[in-house]
Amino acid sequence: MFSMTGYGKGEYKEGGIELTVEIKTVNNRYLDVSVKSPKSFNAYEEAVRSLVRGSLSRGHADVFVGFNDRREQAGRLTVDENAARAYVQAAERLKELFPGIADDLTLTALLRGADVIRTEEDAADDEQVFAALTAALSAALEKLNAMRAREGEKLAADMLARMDTIETLVGEIAARAPCVAENYRAKLFERMREVLADAPVDEARLLSEAAVFADKCNIDEELTRLRSHISQFRAVCREERVGRKLDFLVQEFNREANTVCSKSNDLAVTNAALALKNEIEKIREQVQNIE
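- The chain is annotated in an unreviewed UniProt entry as YicC family protein of Candidatus Borkfalkia faecigallinarum.
- Recorded in UniProt for the chain, the comment headed Sequence similarities (unreviewed entry) runs: "Belongs to the YicC/YloC family."
- Looking at the Cofactor (unreviewed entry) heading of the UniProt record, one finds this comment for the chain: "a divalent metal cation".

Shown next as structure tokens:
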């Protein structure tokens, strides 16, 4: 079982290449991958997403790539001709507006203009850089999943402990349920005797009323399904990618607990059912953190 929250960092330093990959993940219903890297790595974004999708199935992942190329062919200078032309045109226009100001535009001054000269790392189509990126990303994913697995173990332990509490509550409800109809029948007889005093009581009619009530408040099916859900929940917790399965099971737990509450005409059963719903809600909150 994996938590959707985690962090991993991978580094590659060899042959003049220094590359760092960091991954942060948080909860999300579906898998969403955001890649932040130098522009020269744009060609690798889809490969990065593909590697991340191989390790994650749900959650939002932010991938940060840092790159420093210390090889001799680390980069090249390029001139943005459009930017340079714009600077020159702006200078000429200012000269027209303010003829009294000395014109000191030189090539050196133009070179200092923002974005006129750019350094481009020659990362695109570089097999060595791509291999470094793959190695660093794989290391980051491995550390991320190790952290998510540790967190997942804690979540599983908490949910399974609550499932034990749920099983106890279901047992209490099951033990109390047979008494509900009998208590209703006894109270019905007592009330009729108080109302009719010495008049004869139609026991057949009272038994019929008690039988109808017993049928309406019967929760045997709900208890059976709850026990089945408990067994399934424990089995699913032994798997890895379980978030969606557990989310569905929690919905089923809620449905049965609500039905028990609606059918209950007994304070003890109602209290136990409310406690059951409280535990289910706590598990539901934890399930939102599971991949």
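1. Considering helix H8 (residues 267-287)
Phase 1: Under the 1.5 Å per step criterion, the end-to-end length of H8 is 30 Å for 21 residues, consistent within 8% with the ideal 30 Å.
Phase 2: When we look at burial in H8, the residues that qualify are Val269, Ala272, Ala273, Leu276, Glu279, Ile280, Ile283, Gln286 and Val287. Buried positions in H8, seen along its axis, are confined to an arc of 125 degrees and lie on one side of it.

2. Observations regarding helix H1 (residues 45-55)
Phase 1: Buried residues of H1: Val48, Val52 and Ser55, and no others. All buried residues of H1 fall inside an arc of 55 degrees around its axis, so they share one side.

3. As for the pairing of strand S3 (residues 31-36)
Phase 1: Taken together, the 6 bridges between S3 and strand S4 (residues 59-69) define a ladder with parallel strand orientation. Opposite valine 33, over in S4, you have alanine 61 as the bridge partner.
Phase 2: Following the backbone out of S3, through H1 and into the adjacent parallel S4, one traces a crossover that is left-handed.

4. Quick look at the sheet that holds strand S1 (residues 6-14)
Phase 1: Across the sheet, 4 strands lie side by side as S1-S2-S4-S3; this open sheet has mixed pairing. Of all the strands in the sheet, just S1 and S3 have a single pairing partner and so form its edges. Within the sheet, the average angular offset between the axes of one strand and its neighbour, ignoring direction, is 15 degrees.
Phase 2: Docked against the sheet, H1 engages S3 and S4, running at close to 140 degrees with respect to S3.

5. A word on a nonpolar patch on the surface
Phase 1: Judged by side-chain polarity, Leu77, Val79, Leu107, Leu111 and Ile117 come together as a nonpolar surface patch covering roughly 500 Å² of accessible area.
Phase 2: Those elements giving two or more residues to the nonpolar patch turn out to be strand S5 (75-79) and helix H3 (107-111).
Phase 3: Structurally, leucine 77 can be placed in strand S5.

6. Structural notes on the packing of helix H6 (residues 220-236) against helix H7 (residues 243-263)
Phase 1: Where H6 contacts H7, the two axes come as close as 10 Å, and the packing angle between them is 160 degrees. Considering the angle they form, H6 stands roughly antiparallel to H7. Crossing geometry of H6 relative to H7 is assigned as left-handed. Touching Glu222, Arg225, Leu226, His229, Ile230, Gln232, Phe233 and Val236 of H6 are Lys245, Leu246, Leu249, Val250, Glu252, Phe253, Glu256, Thr259, Val260 and Lys263, all from H7.
Phase 2: Looking at the contact of H6 with H7, its residues break down into 9 nonpolar, 3 polar and 6 charged.

Conventions we followed
Along each chain, the written sequence defines residue order, and numbers are assigned to residues from 1. This being a predicted model, a pLDDT of at least 70 is required before a residue's local features are given, and a value of 80 or more before pairs of side-chain atoms are given or counted; all residues contribute to the totals for chains, interfaces and linings. Here the side-chain values reflect all heavy atoms present in the structure, with hydrogen atoms and water set aside. UniProt positions are given in the numbering used here, feature names are shortened, and annotations may be inferred rather than shown by experiment. Secondary structure follows DSSP: runs of H or I at least 4 residues long count as helices, runs of E at least 2 residues long count as strands, and numbering of each begins at the N terminus. Multiplying 1.5 Å by the helix residue count minus one yields the expected span of that helix. Only protein chains enter the area calculation, which uses a 1.4 Å probe; residues under 20% of their type maximum are buried, those over 50% are exposed, and those in between are partly exposed. Think of the arc as the fan of directions from the helix axis to the C-beta atoms. For two strands to count as paired, DSSP must find a minimum of two bridges between them. Viewed with both strands pointing away, a crossover whose connecting path from the first strand over the helix to the second turns clockwise is right-handed. Every axis corresponds to a line fitted to the C-alpha atoms, with the helix fit spanning only the stretch in contact, and the corresponding angles, defined between N-to-C directions, vary from 0 to 180 degrees. Note on contacts: a residue pair qualifies if any of its non-hydrogen atoms lie within 4.5 Å across the two residues. Note that patches include only residues with greater than 30% relative accessible area and no salt bridge, and the join distances are 9 Å for like charges and 5 Å for nonpolar side chains (Val, Leu, Ile, Met, Phe, Trp, Tyr). Surface accessibility in these figures is a Shrake-Rupley result with a 1.4 Å probe; residues are shielded only by whichever protein chains are displayed. When a carboxyl oxygen of Asp or Glu lies within 4 Å of a side-chain nitrogen of Lys or Arg, that pair is called a salt bridge. Roughly parallel covers angles under 35 degrees, roughly antiparallel covers those over 145, roughly perpendicular covers 65 to 115, and oblique covers all other angles. For a crossing to be left-handed, the near helix must be turned anticlockwise from the far one by less than a right angle; the clockwise case is right-handed. Lys, Arg, Asp and Glu make up the charged group, whereas Ala, Val, Leu, Ile, Met, Phe, Trp, Tyr, Cys and Pro make up the nonpolar group; the residues left over, Gly among them, are polar.

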